[in-house]
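# Coordinate inspection notes
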Amino acid sequence: MIALNKNRHSFTENDTIFGKILRKEIPADIVYEDEKAIAFHDVAPRAKIHVLIIPKQHMTCLRCMEPADGELMAHLLSVINKVADKLGVTEKGFRVVTNAGEHGGQTVPHLHFHLMAGEELHDF
Ligand code: 5GP
């Protein structure tokens, strides 16, 4: 169960699977990277295109963002749009989802946005 706590871990102490991807300890199919964010294909895609966009700064979930994270949030949203452009899905459209906590269905305790596209998405 993922608690919606506001604890943050440093780059090296981020013990989540995404922390390992960020440190390049385990491989990922990376589609975009800059100094604050990274995007990579989901290992178990639930749409023809399914990419995860995450901040390099660890925070557990959307609920764990502070007002001071406003600039980072704006950056992440711009990265989502850049990734959508790069994947060529902007014209047909895409869906962005973030899960928070147990009832949200979150399984990895590092904030991430799912970008799903490449086909018509029905269930929500
Ligand atoms: P959540 O359920 O927390 O919203 O989403 C976590 C996502 O991370 C899931 O869609 C899951 O398939 C993906 N995921 C889990 N482990 C790995 C991994 O090692 N590599 C990649 N690329 N995706 C992962």
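The structure contained in this document is the topic of the report that follows. What you see as residue numbers is a count from 1 along each chain, following the sequence as written. With pLDDT at 70 or above as the cut-off, local features in this predicted model cover only qualifying residues; side-chain atom pairs require 80 or more to be listed or tallied, and sums for whole chains, interfaces and linings still use all residues. Hydrogens and water molecules were not included; the side-chain quantities draw on all heavy atoms of the structure.

### Observations regarding the overall build of the chain
Applicable threshold: Helix and strand definitions follow DSSP, with helices as H or I runs of at least four residues and strands as E runs of at least two, each counted in order from the N terminus. Put simply, the radius of gyration uses C-alpha atoms, and a globule should come to 2.2 Å times the residue count raised to 0.38. Any residue under 20% of the maximum accessible area for its type is buried, any over 50% is exposed, and the rest in between are partly exposed; the area is computed with a 1.4 Å probe on protein chains only.
What the chain contains, in helices and strands, is three helices and five strands. If you list the helices and strands of the chain from N to C, you get α-β-β-β-α-β-α-β. The C-alpha radius of gyration of the chain comes to 14 Å, within 12% of the 14 Å expected for a compact globule of 124 residues. Considered along the principal axes of its C-alpha atoms, the chain spans approximately 40 × 30 × 30 Å. The buried share of the chain, reckoned over its 124 residues, is 43%.

### Structural notes on the pattern of salt bridges
Just so we agree on the cut-off: The rule for a salt bridge is simple: a side-chain nitrogen of Lys or Arg has to be within 4 Å of a carboxyl oxygen of Asp or Glu.
Under the defined criterion, the tally for this structure stands at six salt bridges. Put simply, Arg 23 and Glu 25 hold a salt bridge, and the shortest N to O gap is 2.7 Å. In this structure, the salt-bridge partner of Lys 56 is Glu 33, at a minimum N-O distance of 2.8 Å. Of this pair, Lys 56 sits in the loop between strand S3 (49–55) and helix H2 (70–87) while Glu 33 sits in strand S1 (residues 30–33), and the two are 23 residues apart along the sequence. Taking relative accessible area as the criterion, Glu 33 reaches 36% and is therefore assigned partly exposed. One network of salt bridges, in which partners are shared, links Lys 24, Glu 33 and Lys 56.

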